[in-house]
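Here is how the chains run, residue by residue.
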Amino acid sequence: MNYKRSPWAWVPTLYFAEGLPYVAVMTISLIMYKRLGLSNTDITLYTSWLYLPWVIKPLWSPFIDIIKTKRWWIVTMQLLIGASLGGVAFTIPAPYWLQGSLAFFWLMAFSSATHDIAADGFYMLGLDQHEQAYFVGIRSTFYRIATIVGQGLLVMLAGNLEVITRNIRYSWSIMFYGMAGLFIAFWLWHHYILPRPTEDTRGLSPRVSSEADYTGIVPSVSSPTILEEFWHTLKTFFQKPQVWAGICFMLFYRMPEGLLAKVSALFLIDTTAKGGLGLSPAEYGLVQGTVGVIGLTLGGILGGIAASRNGLKRWLWPMVMAITLPDLVYVYLSYALPTSLLVINVCIFIEQFGYGFGFSAYMLYLIYYSQGEHKTAHYALCTAFMALSMMIPGLFAGALQEAVGYPTFFIIVVAACTMTYAVTATLKIDPDFGKKKKE
């Protein structure tokens, strides 16, 4: 039986829970390792390799698509993520803190990537097309709010604990224990609140599907059948119209952000002697956790509403400009090195608002490209290309920044935005996609 629940009851919390472990792996770890004395080159190298589970997750996404329900995968992975966060907290004060924390970050990354596959597939099963378009801004906003909470409020909390305890490792350990407790709460909430879409009981494609039992296990699924489904998933993905234009869009739309994301955070907290703004962890958290949230929320919600009213095609180019042009604020900040928090807040607001508005187009295009058979596995393939676009530039971003300095580095980021415009120009999108259907 399909129990209809309001999307507002589970979409915001689901995507907040999807975003938080990602930001823990990619950003909180970055700030923590900076506080523990690692260089920019080492930090970006270690944390960029942690993108790998999101890049290769299509290898196991078909198994998630056909073996158990996506609802089951969601709640199970949230429990495992909570355990991973507890493991990070336990190892930080230990002598083997680097090896131990990286091991648990890897476990968290694989668990989070699996959770992403299930959650994104569940989103498409639990909402109709208009709801998907309307909530794409909401889900992106709460995903990014999780990012801001992680790199903003939680970093600020860790910074305040450093002042209170006068022990950096112990302070970060306490913060990660708190995150572990939060994920236990998410596990309990989603176990109760997530709806049970009828389609979520079907694991295989219409060619070989059979009814799943109540536990979500598809009966009589043999290994040859699973392999057949896996190859059929890949085949149908690469047979979609405009496949190469779509893949190039997935790879290069966010490539400038792949350069910017990690280095911009390091720039804000690096000392003025090294060309940074020299914000304390508390100041960094305040800037990202207040002004950043407001800008991101407004941009994300307005992007989703605009796309749901006029369609993705109508707003594609305005969203492209919104996600690229605000990168110029970092060029200004790196040359001017303002000491006024007001000026820094204004710049962060502009950048976050533009990102929230422009990222709606990217997420909606992934949904557009994934429509049809095997939509969950195909969406996972799309997000794998997205992760690869972040992983590759991130591997050398820190080394590039240390070689040329922050000002020149941010100019390179702005120049890289030409790739975003080039790949967007090749797309062909149905003008009606995302619009509300007339009654």
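The sections below set out a description of the structure shown in this document. (Residues numbered from 1 in each chain as written. Predicted model: local features only at pLDDT ≥ 70, side-chain atom pairs only at ≥ 80, totals over all residues. Heavy atoms only, no water.)

### Here's the deal with helix α13 (residues 312-324)
An ideal rise of 1.5 Å per residue puts 18 Å on 13 residues; α13 measures up with 18 Å between its terminal C-alpha atoms. Within the span of α13, buried status applies to L312, L316, M319, V320, A322, I323 and T324. (Helix = DSSP H or I, 4+ residues; strand = E, 2+ residues; numbered from the N terminus. Expected span 1.5 Å × (residues − 1). Buried < 20%, exposed > 50% of the residue type's maximum accessible area, 1.4 Å probe, protein only.)

### Describing the environment of M419
Relative to the elements of secondary structure, M419 occurs in helix α17 (residues 406-424). A residue is classified by how much of its surface remains accessible, and M419, at 29% relative accessible area, is partly exposed. Ignoring anything within four residues of it in the chain, the contact list for M419 reads F252 and M255. (Contact = heavy atoms within 4.5 Å.)

### Here's the deal with the pattern of salt bridges
Evaluated as defined, the whole model comprises four salt bridges. For the salt bridge of R35 with E162, the shortest nitrogen-to-oxygen distance reads 2.5 Å. One end of the pair, R35, is in helix α1 (residues 7-35); the other, E162, is in helix α7 (residues 129-165), with 127 residues separating them in the sequence. Residue classification places R35 among the partly exposed positions, given a relative accessible area of 34%. Taking the shortest distance from any N to any O, the salt bridge between E257 and R254 comes out at 2.9 Å. Residue E257 shares its accessibility class with R254, and that shared class is buried. (Salt bridge = Lys/Arg side-chain N within 4 Å of Asp/Glu carboxyl O.)

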